[in-house]
Amino acid sequence: MEAFDPAELPELLKLYYRRLFPYAQYYRWLNYGGVIKNYFQHREFSFTLKDDIYIRYQSFNNQSDLEKEMQKMNPYKIDIGAVYSHRPNQHNTVKLGAFQAQEKELVFDIDMTDYDDVRRCCSSADICSKCWTLMTMAIRIIDRALKEDFGFKHRLWVYSGRRGVHCWVCDESVRKLSSAVRSGIVEYLSLVKGGPDVKKKVHLSEKIHPFVRKSINIINKYFEEYALVDQDILGNKESCNKILALAPEIIHDELQQVFQNHHSSLQRWEHLKKVARCLNNIKSDKYGPWLEWEIMLQYCFPRLDINVSKGINHLLKSPFSVHPKTGRISVPIDLQKVDQFDPFTVPTISSICHELDAISTIEEEKGENKAESIIKHRTRDYKKTSLAPYVKVFEQFLENLDKSRKGELLRKSDLQKDF
Amino acid sequence: MQFSGARWKKQKLAGDQRNMCYPHSLQFYLQPPSENISLIEFENLAIDRVKLLKVVENLGVSYVKGTELYQSKLEAEIRKVKFSFRENLEDEYEPRRRDHISHFILRLAYCQSEDLRRWFIQQEMDLLRFRFSILPKDKIQDFLKDSHLHFEAIKDEEKTLREKEIIASSPSLSGTKWELESVYKIPFADALDLFRGRKVYLEDGFAYVPLKDIVAIVLNEFRTKLSKALATALLYVKQPCNFQDIGHLHLSSTECQKWPPVPMTTQNITIYF
């Protein structure tokens, strides 16, 4: 893959916004079938321009207006905000207090830095194949809950471009949810509590809620390879002590024995489980795997940022935006292939621009008519690059939205006996 | 013969219509009353309800809410003022009407300050909680439906299918007999206080809520609606009322003396809410 040089961004972005950004699909998404008047026109976008100039309250009349403005301003970053009561770019003309955020997708931001206390391979902005499994597990656990517990149907998962993933829940009813309900959803999805000064971050009661049980089942599928092999969480004295700190004092001696008698994480974990299961739950006097689960959850369960999700007016990085530091495109993630998703193979802006150049050269050599080329280019350029499969995932998501909308319209017209 | 026949028909209609006005022994006071009443009745209804709400407050302090002693004492008080509280075989129209009108009259008085609002809402909630707790199981569904709360009790087959999950999710079910429990299916967003703490089972966008927890939700709904209504009432009270102006009225009980003087006729008043 072509190496990415941030200094080239202005030129690369120019090409990206002129020939590669999937405007048609993007507009199709945010217009939501044009069912509500001015839904797109009242949407806030924010642009981060060269030299960190940040401008809010951008809004556009239609797809072509959006295209023109993006090509003119060449933003380094694009964020999507709420749908407001008025056009955001006219918010200064609105009477004080009348300009209100009304609707927005429910969004989640899962960031690898929030797991620094439990990953040994990397820290802060770094990621590697060993810790990426945390994102895989997070997607599986959160997506299952959003779909099966909350009944949300239209969930778009997107790679953030560097060290995490975002989720956009786009159901019609969800866009209208209040801030209180959004907070409640994040609370429901939260199990790991406490900052850097808190040693033990997960406490389970005797009654295990189905959400917790199902999440543990998902983690079980990945735990051995992720935690015991890749992360090697019982691999040395330091890491063993971290786990010891999560167990009650009465079994510390027994566990130390285990660590002495066995030397691989795999073996140590097997025997730790045996010791832990003999512990009884103080409240109920029942013996069980709570400690084992608490450890697994602390090391693997997703950590959400409530501030991102609860505010209706919160702005989040747009899909198909470029990450200015890595050059990677924020691409949709195919849920059917989430285990195979590799952030290191996500196309960068340099690589796809390079691909485009190479193709153009070939086409020129083939002697294609210049005018023909331009028209062809405008409609199918991204298809010739590595961006294509990701746009396909996005289109599938849009198809599902369309289907739902048609179904809803039919249902409503049936109710009104409108044949 | 014909004459008396017509009269009999008229009375029968009146009876049905009256029952339709107040189909339940309790209500959420969603619709204001719209009739003319005499000034004396206005005053008496207000005084009676204030008395009752003060008793509710005192009983709540002296006894544990929900216990038999609390309930029997409260029942006795409600009987005294002849408001509705329980379904009887007798004609329920009059007690329900008195309950309805008196509530709305007090809104005018108790919307006037934060303290008054808080006190009024608290006592009205305790009163509603009591009435709800003595509602027969088969009447609960109808009452919820008529109050525009889309809460449906699920059938036994559905209950059995989810027995493990519901029991594992609801702390309020510990120690109760599963067979006797009613479980309600409501949109998850209506059960915010339950699902945020994972105290209820969620499936496909619905919360499966045992009866005990439904009461808490219903009361919360009531509190929210009443709070809003009092805020609105405040606007109307500050504006000139549509009363015919002949004299002033000062109501006699000490609680009512907090009310501002309201110009009213001495004969009849028409209440516009």
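Residues numbered from 1 in each chain as written. Chains lettered and ligands numbered in written order. Predicted model: local features only at pLDDT ≥ 70, side-chain atom pairs only at ≥ 80, totals over all residues. Heavy atoms only, no water.

For chain B, an unreviewed UniProt entry supplies the name DNA primase large subunit and the organism Pteropus vampyrus. Comment text from UniProt for chain B, heading Sequence similarities (unreviewed entry), reads "Belongs to the eukaryotic-type primase large subunit family." Within the UniProt record for chain B, the comment given under Cofactor (unreviewed entry) is "[4Fe-4S] cluster". (UniProt positions renumbered as here; feature names shortened; annotations may be inferred.)

As named in an unreviewed UniProt entry, chain A is DNA primase, taken from Pteropus vampyrus. Entered under Catalytic activity (unreviewed entry) in the UniProt record, the comment concerning chain A runs "ssDNA + n NTP = ssDNA/pppN(pN)n-1 hybrid + (n-1) diphosphate." Under the UniProt heading Sequence similarities (unreviewed entry), the note attached to chain A is "Belongs to the eukaryotic-type primase small subunit family."

Further remarks concern the overall build of chain A. Across its full length, chain A holds 15 helices and eight strands. Its C-alpha atoms give chain A principal-axis dimensions of roughly 75 × 60 × 45 Å. Counting over 419 residues, chain A shows a buried share of 54%. Partitioning the intrachain contacts of chain A with sequence separation of at least 6 by distance along the chain shows that 70% fall at a separation of at least 24. When the accessible surface of chain A is totalled, it reaches about 20,000 Å², and 50% of it is carbon and sulfur. (Helix = DSSP H or I, 4+ residues; strand = E, 2+ residues; numbered from the N terminus. Buried < 20%, exposed > 50% of the residue type's maximum accessible area, 1.4 Å probe, protein only. Contact = heavy atoms within 4.5 Å. Areas by Shrake-Rupley, 256 points an atom, 1.4 Å probe, with all protein chains shown as cover.)

For chain B, the count of helices and strands is 10 helices and eight strands. The 273 residues of chain B split such that 47% are buried. Contacts in chain B between residues at least 24 apart in sequence constitute 71% of all its contacts with a sequence separation of at least 6.

A few words on the interface of chain A and chain B. With 25 residues of chain A at the contact, the number on the chain B side is 20 residues. For the pair chain A and chain B, the summed buried area comes to about 1,600 Å², and 57% of that belongs to carbon and sulfur atoms. Per-residue buried area on chain A facing chain B is highest for A:Tyr188, A:Lys207 and A:His209; these three make up 32% of the total on that side. If you look at where chain A meets chain B, you find one salt bridge. (Buried area = accessible area lost by both parts, 1.4 Å probe. Salt bridge = Lys/Arg side-chain N within 4 Å of Asp/Glu carboxyl O.)

What follows concerns the sheet that holds strand S4 (residues 201-203) of chain B. Sheets are built from strands paired through backbone hydrogen bonds, the pairs being either parallel or antiparallel. An order of S2-S3-S5-S4 (chain B) is seen for the four strands of this open sheet, with the pairing classed as antiparallel. What marks the edges here is a single partner per strand, and that holds for strand S2 (152-153) and S4 of chain B. (Pairing = 2+ DSSP bridges.)

Here we take up the domain arrangement of chain B. By the assigned domains, chain B splits into domain 1 (25-135) and domain 2 (152-213). Here the C-alpha centre of domain 2 of chain B lies 31 Å away from the C-alpha centre of domain 1 of chain B. (Domains from an automatic or database assignment.)

Residue and element names in this part refer to chain A. An order of S5-S7-S6 is seen for the three strands of this open sheet, with the pairing classed as antiparallel. The open sheet has two free edges, formed respectively by strand S5 (106-111) and strand S6 (155-159), since each of these has just one partner strand. Between one strand and the next, the sheet's axes are offset by a mean angle of 15 degrees, whatever the strand orientation. Looking at chain direction, S5 and strand S7 (residues 164-169) are connected through six bridges and run antiparallel. (Axes fitted to C-alpha atoms, helices over the stretch in contact; angles between N-to-C directions.)

Residues and elements named next belong to chain A. Among the secondary structure elements, Thr-136 is positioned in helix H4 (residues 133-149). Taking relative accessible area as the criterion, Thr-136 reaches 6% and is therefore assigned buried. Aside from chain neighbours lying at most four places away, what touches Thr-136 is Tyr-222, Val-338 and Asp-339.

All names here are of chain B. Secondary-structure assignment places His-150 in the loop between helix H6 (137-146) and S2. As for His-150 and Pro-187, which are separated by 37 residues in sequence, their C-alpha atoms are 8.2 Å apart. Look past the residues within four positions of His-150 in its chain and what remains in contact with it is Lys-185, Ile-186, Pro-187 and Asp-190.

This part covers the packing of aromatic side chains. All names here are of chain A. Counted by the stated rule, this structure contains 40 aromatic pairs over all chains. A centroid spacing of 5.9 Å and a plane angle of 65 degrees characterise the contact between Tyr-57 and Phe-99, whose relative ring orientation is edge-to-face. Linking Tyr-57 in strand S2 (residues 53-58) with Phe-99 in the loop between strand S3 (77-84) and strand S4 (101-103), this pair joins segments that are 42 residues apart in sequence. Looking at Phe-99, the relative accessible area reads 16%, which means it is buried. (Phe/Tyr/Trp six-rings, centres within 6.5 Å; stacked < 30°, edge-to-face > 60°.)

A surface patch of nonpolar side chains, amounting to about 260 Å² of accessible area, comprises A:Val35, A:Ile36 and A:Leu409. Following the sequence through the fold, A:Ile36 ends up in the loop between helix H2 (23-31) and strand S1 (43-49). (Patch = residues over 30% accessible without salt bridge, like charges linked within 9 Å, V, L, I, M, F, W, Y side chains within 5 Å.)

Moving on to the environment of A:Trp132. In this structure, A:Trp132 sits in the loop between S5 and H4. Considering only alpha carbons, one finds A:Trp132 and A:Asp114, 18 residues apart in sequence, at a separation of 13 Å.

Residues and elements named next belong to chain A. The contact between helix H1 (residues 9-20) and helix H13 (residues 349-365) brings their axes to 10 Å, and the two run at 60 degrees. Handedness of the crossing formed by H1 with H13: left-handed. Across from Leu-9, Leu-12, Leu-13, Leu-15, Tyr-16, Arg-19 and Leu-20 in H1, the residues of H13 making contact are Ile-349, Ser-350, Ile-352, Cys-353, Leu-356, Asp-357 and Ser-360. Split into classes, the residues belonging to the contact of H1 with H13 amount to 10 nonpolar, two polar and two charged. (Left-handed = near helix turned anticlockwise from the far one by under 90°. Nonpolar A, V, L, I, M, F, W, Y, C, P; charged D, E, K, R; others polar.)

A few words on the side chain of B:Arg131. Residue and element names in this part refer to chain B. With respect to the helices and strands, the residue Arg-131 is situated in helix H5 (residues 114-133). Here Arg-131 falls in the buried class, since its relative accessible area comes to 1%. There is a polar contact of 3.0 Å between the side chain of Arg-131 and the side chain of Tyr-29. Other than its neighbours up to four places away in sequence, Arg-131 contacts Ser-25, Leu-26, Tyr-29, Arg-49, Phe-83, Ser-84, Phe-85 and Asp-99. (Polar contact = N/O pair within 3.5 Å; in protein donor to acceptor, adjacent residues only side chain to side chain.)

Attention now goes to the nonpolar core. One finds A:Tyr16, A:Trp29, A:Ile185 and A:Leu189 to be the most contacted residues of the largest nonpolar core, which totals 191 residues. Among the elements that take part in this core, helix H10 (residues 211-238) of chain B stands out by supplying 11 residues, more than any other. Contact partners of A:Trp29, with chain neighbours within four places excluded, come to A:Ile80, A:Glu105, A:Trp168, A:Cys170, A:Pro319, A:Phe394, A:Phe397, A:Leu398 and A:Leu401. (Core = buried A, V, L, I, M, F, W, Y, C linked by side-chain atoms within 4.5 Å.)

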